Amino acid sequence: ASRIHLVLGDQLTHSLSALADAAPETSLVLMAEVMSEATYVKHHKKKIAFLFSAMRHFAEELREKGFQVRYVTLDDPENTQSLKGELARALAESGASAVSITECGEWRLAEEMRSWETDIGVPVEIREDDRFLSSIEDFRTWRKGRKQLRMEYFYRDMRRRHRVLLDGEEPVGGKWNFDAENRKPPAEGLKGPKRISHAKDAITKSVLALVEERFVGHMGSLDSFHSAVTADQAEMELQQFIDEILPDFGDYQDAMVKGEPYLYHSLISSYINAGLLLPIDVIRRAEAAWFEGRAPLNAVEGFIRQILGWREYVRGIYWTEMPDYAGLNHLSASHPLPQMYWTAKTDMACMRGAIGDTIEHAYSHHIQRLMVTGNFAMLAGIDPVEVCDWYLAVYSDAYEWVELPNTLGMALYGDGGVMASKPYAASGKYIDRMSNFCGGCRYDPKLTTGPKACPFNALYWDFLDRNTEKLARNPRLSNMYATWRRMDPFKQDAIRKHAAQVLERLDTL
Ligand code: FAD
Ligand code: DLZ
Ligand code: SF4
């Protein structure tokens, strides 16, 4: 072969730019399972199993299309356990003299790749990842000269640029954003539809055995693994979502129900992020459901905004803010991450639910990530590096380009407002309204002090109080600060004392 085309674990797309000029006669496609990628954080077992099985299936598909594929398994005795090592070895053994790669999703690896050409001594061509709908350069241009970045304006531009849900130049339905309709609390007894569970084939079974053996001590269990591992299987789930679930996506987007990890969410983030589904295809399918009258606009617009808006926006923020971004700690938060994040052992029913779902499924939906585990970490002042490492490890859809802005920026306000116009801080009252967790909790969302008080409540006021200097000037918080200032000083004092006690016993809540 004369050229090596490297395909990373989250690049499992046949139209990938690295493969654009691949030809069976002259090309060698390289894929490698390596410890350096599998352990830079302690990824959840289900995340590693999903990715390795999907990688192996993708390699099979390439072989069926006639390509030569060099696939290095994790337990191959010759495996150098790093991508650079595997590339160097493949070059030496194949005699190839050039390399094609699609730009990768994490700064850490992108930095490393910059030196490969010199280190290995052959031309390494790094191509744009055109699976995204905005290139990094487009985003850089978009943000240039803007003092405050807001997703909403980026999103409108993207709607126009890709002509999504448009009527001429105007948004269908007369509004760009129907979010106000998407905040319904859960109705009594709300249950999500039953989801597809994929059978495990021989490839998946051998991956599960490998992961069980090699990743002892990583979060999770593989017993209930049922994920899609091919594009066809991911497509089945997308089809079910569009037909049966999307119509209710909008109404219950922010709702949380005990024992219902999925509700009306699509569960496709790991598939899109790994390349099994293309974002533009997903968007067109949802759009068609509205045009054909199969789903209401608040659901379809809300769903499309997550993919065409938020997903592209956070990626743009990541690549235009890194590398400094990862070190920001605007609120000087420094507590260690409480043990409950690894064990789900806590009397706080909402935290137990959200973390329990995470341990079981390597998934929890957006509002649980943002308003339960994220909100708690922000209010308690947990060190953002520890929080970000946790999110990067435990979700099967987690890659730093998407995890970091969501965690550091959106959930923790650690970037001081690059991502969000105010901290998403909320007390137990919000969780009580949007979920059914509080009914089964040892704590009471209506109490702020005393042994039964919901820990979120005192922490909420204490968070505002502690951060007065940094936050009180934010006009979107002025009502909350006014309420705090009007509060009886004795009550304020009791809240501060209770918050201090809560912070002392974060590991026994
Ligand atoms: P749905 O609710 O069905 O949404 C549809 C799709 O929209 C998702 O599949 C996803 O591709 C996209 N999307 C939705 N919200 C976002 C968002 N805020 N940013 C980017 N894309 C979005 N998402 C990840 O893909 N990887 C992560 O590592 C990740 N970490 C997060 C950490 C925190 C603290 C928070 C608050 C959010 C994080 N998200 C992350 C965003 C979001 O929570 C997940 O994309 C979503 O929960 C995935 O589930 P779903 O496919 O059922 O999504
Ligand atoms: C996440 C991951 C894991 C667990 N393992 C591998 C692997 O063994 N080989 C590989 O090519 N990619 C893996 N990945 C995905 C990479 O970490 C991902 O491509 C980079 O983080 C850039 O997004
Ligand atoms: Fe969570 Fe507080 Fe409600 Fe308990 S009372 S479930 S801790 S919000």
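Residues numbered from 1 in each chain as written. Chains lettered and ligands numbered in written order. Predicted model: local features only at pLDDT ≥ 70, side-chain atom pairs only at ≥ 80, totals over all residues. Heavy atoms only, no water.

**A short note on the site of ligand 2**
Around ligand 2 lies a shell of 19 residues, among which G9, D10, A32, V34 and E37 are the nearest. Contacts to ligand 2 include G105, whose backbone N or O atom sits 3.2 Å from an oxygen atom. Interatomic distance of 3.1 Å between a side-chain N/O atom of R108 and an oxygen atom of ligand 2. For ligand 2, whose accessible area on its own is 490 Å², the fraction buried by protein is 100%. Put simply, the parts of the chain that give the shell around ligand 2 at least two residues each are α1 (35-38), α2 (45-64) and α4 (107-114). A total of 3 residues in the shell around ligand 2 trace back to one element, the largest contributor, which is α2. In terms of residue class, the shell around ligand 2 is built from 11 nonpolar, 3 polar and 5 charged. (Near = heavy atom within 4 Å. Polar contact = N/O pair within 3.5 Å; in protein donor to acceptor, adjacent residues only side chain to side chain. Areas by Shrake-Rupley, 256 points an atom, 1.4 Å probe, with all protein chains shown as cover. Helix = DSSP H or I, 4+ residues; strand = E, 2+ residues; numbered from the N terminus. Nonpolar A, V, L, I, M, F, W, Y, C, P; charged D, E, K, R; others polar.)

**Some words on the site of ligand 1**
Near ligand 1, the surroundings consist of 27 residues, among which H265, S266, L267, N273 and Y363 are the closest. In this structure, H265 approaches ligand 1 through a side-chain N or O atom, which is 2.7 Å from an oxygen atom. At 2.7 Å from an oxygen atom of ligand 1 is found a main-chain nitrogen or oxygen belonging to L267. In the complex, the protein chains occlude 99% of the 820 Å² of accessible area that ligand 1 would expose alone. Listing elements by their share of the shell around ligand 1, those giving two or more residues are α10 (269-274), α12 (297-321), α15 (366-379) and α17 (400-411). The class makeup of the residues in the shell around ligand 1 is 13 nonpolar, 10 polar and 4 charged.

**A few points about the nonpolar core**
Within the largest apolar cluster, 178 residues are counted, with the highest numbers of intra-cluster contacts made by F52, L246, Y313, M351 and F376. The element best represented in this core is α12, accounting for 13 residues. With sequence-adjacent residues up to four places away left out, L246 is seen in contact with F241, A286, A289, A295, A299, V300 and F303. (Core = buried A, V, L, I, M, F, W, Y, C linked by side-chain atoms within 4.5 Å. Buried < 20%, exposed > 50% of the residue type's maximum accessible area, 1.4 Å probe, protein only. Contact = heavy atoms within 4.5 Å.)

**Digging into the sheet that holds strand β1 (residues 3-6)**
Read across the open sheet, the 5 strands follow the order β3-β2-β1-β4-β5; overall the sheet is parallel. Only two strands of the sheet have a single neighbouring strand rather than two, namely β3 (68-72) and β5 (124-127). On average, each strand axis in the sheet is tilted by 25° relative to the strand beside it, whichever way the strands run. Bridge analysis of strand β4 (residues 98-102) against β5 gives 4 bridges, and the strand direction is parallel. (Pairing = 2+ DSSP bridges. Axes fitted to C-alpha atoms, helices over the stretch in contact; angles between N-to-C directions.)

**A few points about the domain arrangement of the protein chain**
Domain parsing of the protein chain yields domain 1 (3-127), domain 2 (136-200 + 230-321) and domain 3 (340-508). The C-alpha-based centres of domain 1 and domain 2 are spaced at 30 Å. Contact residues are listed per partner, giving 17 residues for domain 1 and 12 residues for domain 2. The contact between domain 1 and domain 2 buries some 990 Å² in all, and 64% of this surface belongs to carbon and sulfur atoms. Connecting domain 1 to domain 2 are 1 salt bridge. Looking at the side of domain 1 that touches domain 2, the elements with two or more residues in it are α2 and α4. Take the side of domain 1 that touches domain 2: its biggest share by element is 5 residues, from α2. For the side of domain 1 that touches domain 2, the residue count by class is 7 nonpolar, 6 polar and 4 charged. (Domains from an automatic or database assignment. Buried area = accessible area lost by both parts, 1.4 Å probe. Salt bridge = Lys/Arg side-chain N within 4 Å of Asp/Glu carboxyl O.)

**Details of helix α11 (residues 279-291)**
The end-to-end C-alpha separation of α11 is 19 Å, in line with the 18 Å expected for 13 residues at 1.5 Å each. Inspection of α11 places P279, V282, I283, A286, E287 and A289 among the buried residues, and these make up the whole buried set. Buried positions in α11, seen along its axis, are confined to an arc of 155° and lie on one side of it. Where α11 is buried, its residues meet α9 (231-249), α10 and α12. (Expected span 1.5 Å × (residues − 1). Arc of directions from axis to C-beta.)

**Section: the environment of K345**
Among the structural elements, K345 can be located in the loop between α13 (340-343) and α14 (349-361). Its relative accessible area of 68% is what places K345 among the exposed residues.

**Some remarks on the pattern of salt bridges**
Should their charged atoms come close, side chains of opposite charge can pair. Tallying each qualifying case throughout the model produces 37 salt bridges. As a salt-bridge pair, E37 and R108 come within 2.8 Å of each other at their nearest N and O atoms. Taken together, the residues span a long stretch of sequence, with E37 in helix α1 and R108 in helix α4 at a distance of 71 residues. By relative accessible area, E37 is classed as partly exposed at 21%.

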